[in-house]
Amino acid sequence: MASADPRTRTSRDGDPRTRDRRVDVLVALGTAVVALGLLLGLPPLDALEPDGPALALRVPAPFTAAWTVLAIGLLVQSAALLAARRAPRTVLVAVSALPVLVAALAPQSLDLFGLTALPVVVAVVLAALRVPLARLWPTLMVAGALVAAGSAVLSGALGQGVLQAIGAVGLPLLVTLLVRSRREVRAARTAEASAVFREQDALVDAAVSRERAAMARELHDIAAHHLSGIALMAAVIDRQIDSDPERAHEGARQVREQSTAVLDDLRRLVGLLREDVPAERAVETVAGIVDLVERARFRSDVRLDVLAGDHPRGAPALADGVGPLAQLAAYRTVQEALANAALHAPSAPCTVTVDDRNPTRVVIRVENAPAAAPAAPTSPSGGNGLRGMRERADLVGASLQTGPTATGGWLVELALGREAPAAPAQAAAGGGVVA
């Protein structure tokens, strides 16, 4: 015969409902075995005392009517515990009421009547573990009254019934509440530790995502600016190598300079990522846009307008009050805009304007005319440049506007707020410097 599928067997054994039913059966069966074992074993054990019966138990003979009623009562109480998971309060009342019926039907079982308290103790423990005390206390009062009534019916003493009720209901309740409180504290600590771990994982994931986005922006800026220039200059060299060898040689030198620059930028980026090598990091500023435009003129027609305001003595010439991170964002934005203009509008004139006259902000514009020649085909997965510009602007709280112009060109405008007020004497109609 083929054996059963182990996966099916594992799934069946691991079913929570099957496991709960098994636990309920074991609890009920264990209670019945202990109760009946004591019912059968206490009288013979007491009779075996060498000096005579120590408890002097007066119990009905086994399998007589009174003894059978007591045994059946214990079995019914134990069987009722099978439903304690679904209806714990109802089971507690039922298990507590059965001893009253046993006391009325078998008054001869006085000395062993205390065994009926064992299922009551188990029912109290199960109910206290599964029902909040605020909803359980009326049921506990009813159960205590029934236990006291059953004992009082046999003994005729109310005090003895109250003591049995305290022992069967009160003491198990206190112990169970203590155990449950410790369990809840342990669960709360576990949940808190899990929450801390999840929060740490979320912080780590967020930090990794930010670093990945930053590295992606840096790599894109480096590759888009330098490599696009290299590609354009290589195309020009290919056309000039026969017609104008001198210009072709000059273009080859520019390609070599661009290649060296991209290697230097990549080395700096790798140095930032390595822990065993000191990183050399050049911080680009708004003033560096002048040199950036000068290098871009070798591959396209780029014009620079610097509208400088009045600055206090000793202050930087441009972007006074703009933080270093914002200046880096401005530099990278101009770098990316020039690369896009060279790629999508080759041979079209481009104007870079740095407006430093406003006392509260610096405005940088990069505007190119419509393309004078067909643009080279681009990858369908483009758009990372504009996304990187917007991420940098959002990171420093700047305002970025991009879009086509009325003449068919393209405009990129970045407005940077000043961290500190500019010079009071700064006029809105500051002098213009045209390069």
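Cut-off values and rules
- Just so you know, the residues in each chain are numbered from 1, in the order the chain's sequence is written.
- Thresholds applied to this predicted model are a pLDDT of at least 70 for local features of residues and 80 or more for the giving and counting of side-chain atom pairs; totals over whole chains, interfaces and linings are not thresholded and use all residues.
- Here the side-chain values reflect all heavy atoms present in the structure, with hydrogen atoms and water set aside.
- Two joining distances apply to patches: 9 Å for like charges and 5 Å for nonpolar side chains (Val, Leu, Ile, Met, Phe, Trp, Tyr), and every residue must have over 30% relative accessible area and no salt bridge.
- Accessibility throughout is a Shrake-Rupley quantity obtained with a 1.4 Å probe, and a residue counts as covered only by protein chains that appear here.
- Every case where a carboxyl oxygen of Asp or Glu lies within 4 Å of a side-chain nitrogen of Lys or Arg is listed as a salt bridge.
- We count a stretch as a helix when DSSP gives it H or I for four or more residues in a row; a strand needs E for two or more, and each element gets its number in order from the N terminus.
- Only protein chains enter the area calculation, which uses a 1.4 Å probe; residues under 20% of their type maximum are buried, those over 50% are exposed, and those in between are partly exposed.
- In this analysis, axes come from line fits to C-alpha atoms, helices being fitted only over the stretch in contact, and the angle between any two N-to-C directions falls in the range 0 to 180 degrees.
- Working rule for angles: under 35 degrees goes down as roughly parallel, over 145 as roughly antiparallel, 65 to 115 as roughly perpendicular, anything else as oblique.
- The crossing is said to be left-handed when, going from far helix to near helix, the turn is anticlockwise and less than a right angle, and right-handed when the turn is clockwise.
- Should any heavy atoms of two residues lie within 4.5 Å, those residues are considered in contact.
- Here, strands pair whenever DSSP counts at least two bridges between them.
- The convention is simple: Lys and Arg are positive, Asp and Glu are negative, and His and the chain ends are not counted.
- The location of each charge is read from NZ of Lys, CZ of Arg, CG of Asp or CD of Glu.

Peer 1: Is there a simple way to think about a nonpolar patch on the surface in this case?
Peer 2: Taken together, the side chains of Leu158, Val162, Leu163, Ile166, Leu171 and Leu174 make up a nonpolar region of the molecular surface, amounting to roughly 610 Å² of accessible area. Of note, Leu163 is situated in helix H7 (residues 158-243). Among the residues examined, Leu163 registers a relative accessible area of 64% and is labelled exposed.

Peer 1: Help me understand the environment of Gly309 in this model?
Peer 2: Inspection of the secondary structure assignment puts Gly309 in the loop between strand S1 (302-308) and helix H10 (324-344). On the basis of relative accessibility, which here comes to 12%, the residue Gly309 falls in the buried class. Sequence separation between Gly309 and Asn358 is 49 residues; the distance between their C-alpha atoms is 7.6 Å.

Peer 1: Explanation requested: the packing of helix H9 (residues 289-296) against H10 in the structure shown.
Peer 2: Helix-helix packing: each pair is described by the crossing angle between the helix axes and the interaxial distance. As a packed pair, H9 and H10 sit with axes 10 Å apart at the nearest point and diverge in direction by 15 degrees. What the angle tells us is that H9 and H10 run roughly parallel. For the pair H9 and H10, the sense of crossing is right-handed. For the pair formed by H9 and H10, the contact residues are Ile289, Leu292, Arg295 and Ala296 on the first element and Ala330, Tyr331, Val334, Gln335 and Leu338 on the second.

Peer 1: What is the right way to read the pattern of salt bridges from this model?
Peer 2: Where charged atoms from two side chains of opposite charge come close, those side chains can pair. Overall, the coordinates contain 8 salt bridges when judged by the stated rule. The closest approach of N and O atoms between Arg365 and Glu413, which form a salt bridge, is 3.0 Å. Here Glu413 lies in strand S5 (residues 410-417) and Arg365 lies in strand S3 (residues 361-368), a separation of 48 residues in the sequence. By relative accessible area, which is 28% here, Arg365 ends up partly exposed. Through salt bridges that share partners, Asp20, Asp24, Arg85 and Arg130 make up one connected network.

Peer 1: Before we go on, may I ask you to explain the pairing of S1 in this structure?
Peer 2: Side chains on a regular strand alternate between the two faces of the sheet. Burial analysis of S1 places 6 of its 7 residues in the buried class, which makes it a mostly covered element. Where S1 and strand S2 (residues 350-356) come together, 7 bridges link them in parallel fashion. Residue Ala308 lies in a different strand from S2, and its bridge partner there is Asp356.

Peer 1: Would you mind going over the side chain of Thr353 with me for this structure?
Peer 2: Summarising the element assignment, Thr353 is placed in strand S2. Once residues within four sequence positions are removed from consideration, Thr353 is found in contact with Asp305, Leu307, Val363, Ile364 and Arg365.

Peer 1: Help me understand a positive patch on the surface, please; the structure alone is not making it clear to me.
Peer 2: A surface patch of positive charge is lined by Arg182, Arg183, Arg186 and Arg189. Mapped onto the elements of the fold, Arg186 is located in helix H7.

Peer 1: Explain the pairing of S2 here, please?
Peer 2: Of all 7 residues in S2, 6 are buried; the element is thus mostly enclosed. Strand direction decides the pairing type here: S2 and S3, joined by 6 bridges, are antiparallel. Within S3, the position partnered with Thr351 by the bridge is Glu367. Two successive antiparallel strands, S2 and S3, enclose a turn made up of 4 residues.

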